[in-house]
Number of protein chains: 2
Amino acid sequence: MNTPPVPDLAVAFEQQLLADIPLARAMQLRVAAWDEHGLALAAPLAPNINDKGCAFGGSLASLMTLAGWGVIVLKLRALDRECDIYVQDSTVRYLAPVWGDFVTQAQLADGESWEAFLTTLAQRGRARLRIICRVALEDGRDAATLEARFVAIDSKAAA
Amino acid sequence: MNTPPVPDLAVAFEQQLLADIPLARAMQLRVAAWDEHGLALAAPLAPNINDKGCAFGGSLASLMTLAGWGVIVLKLRALDRECDIYVQDSTVRYLAPVWGDFVTQAQLADGESWEAFLTTLAQRGRARLRIICRVALEDGRDAATLEARFVAIDSKAAA
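Below is a short write-up of the structure. The shown structure was predicted, so the numbers you read here are calculated from the model rather than taken from an experiment. (Residues numbered from 1 in each chain as written. Chains lettered and ligands numbered in written order. Predicted model: local features only at pLDDT ≥ 70, side-chain atom pairs only at ≥ 80, totals over all residues. Heavy atoms only, no water.)

1. Examining the packing of aromatic side chains
All names here are of chain B.
Inference 1: Applying the stated criterion across every chain yields a total of four aromatic pairs over all chains.
Inference 2: Centroid distance Phe13 to Trp69: 6.0 Å. Interplanar angle 40°. Geometry classified as tilted. Of the two residues, Phe13 sits in helix 1 (residues 8-20) while Trp69 sits in helix 3 (residues 57-78), which places them 56 residues apart along the sequence.
Inference 3: With a relative accessible area of 1%, Phe13 lands in the buried category.
Inference 4: On the basis of relative accessible area, Trp69 is assigned to the buried category, the value being 10%.
Inference 5: The interplanar angle of 70° and the centroid separation of 5.9 Å between the aromatic rings of Trp114 and Phe117 together place this pair among those described as edge-to-face. Of the two residues, Trp114 and Phe117 are both situated in helix 4 (residues 114-124); the distance of three residues between them amounts to about one turn of the helix. A single burial state applies to Trp114 and to Phe117, both of which are buried. (Phe/Tyr/Trp six-rings, centres within 6.5 Å; stacked < 30°, edge-to-face > 60°. Helix = DSSP H or I, 4+ residues; strand = E, 2+ residues; numbered from the N terminus. Buried < 20%, exposed > 50% of the residue type's maximum accessible area, 1.4 Å probe, protein only.)

See the structure below:
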């Protein structure tokens, strides 16, 4: 079975991340998937290892933060909306060590909807959104989770 | 006024971080101070910049997580105790953008004491500790904060 190709917008997003954020390059981050389920970012273990030989917590937190930010950036780009997106706060839980390459999946947190977010953004020029990210073990259990709040500010409204 | 020299244990800690954790090298992390106030880690902006030209949230979160972990590692090394230290969870607040090189200061969270932590560790072979880290702006306001829970497990108790 073939993995579906990553859409052009997500390919451009990956290239921009790698060009603009040196730490994303150091982590060797790539977009694994972007579809109706959200955004998946992947990273190999070797550049993200810690002193114990498993994934460094800072790498897990960084990848999940970028995935949460990216899922909003991509949604707005797909709708041709120019916005600045900022992370406001995040809570990370480290549940089990990660001994190999890893992927995080970012999606809307429970109770959030794109529709409500986009309506508020159109009305007020800014809107908040909670995103949840997970890094799963091979058996499906969570190795790490992040729940974060982001704010989107319409570039025209902010000017 | 001269900055006091960093104690040998903290110099060795910095060298170990840079040797063992590729992302710490990529961030160009260094120990700025270690004394009765806690552990201060510093990083230059350039390798930690984001697409907006300020410090990348993942770099801030990583530096604060390492400082929180490090302040416990160093305390136990100074007492000649062999322990594994793990981060369990953390909450980061991003309060203002950071436009230059940055430093984080890690110390015990309110209500925590080294004495209680060390007593529990001696009695049970493991103990938890909450640490708070701050990255300050030049005017003293917080740019980012992290509150995290760590667990220390006595290497002999775990064996």
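Now that the structure has been shown, we can carry on.
2. Describing the sheet that holds strand 2 (residues 38-43) of chain B
Inference 1: The sheet built from 12 strands is open, its strands ordered 1(A)-2(A)-4(A)-5(A)-6(A)-3(A)-3(B)-6(B)-5(B)-4(B)-2(B)-1(B) with antiparallel pairing. What marks the edges here is a single partner per strand, and that holds for strand 1 (30-35) of chain A together with strand 1 (30-35) of chain B. Ignoring which end each strand starts from, the neighbouring axes of this sheet average 20° apart.
Inference 2: One ladder, built from 11 bridges, connects strand 3 (residues 83-94) of chain A with strand 6 (residues 142-154) of chain A; its direction is antiparallel. (Pairing = 2+ DSSP bridges. Axes fitted to C-alpha atoms, helices over the stretch in contact; angles between N-to-C directions.)

Function cannot be read off these values alone, since they describe shape.
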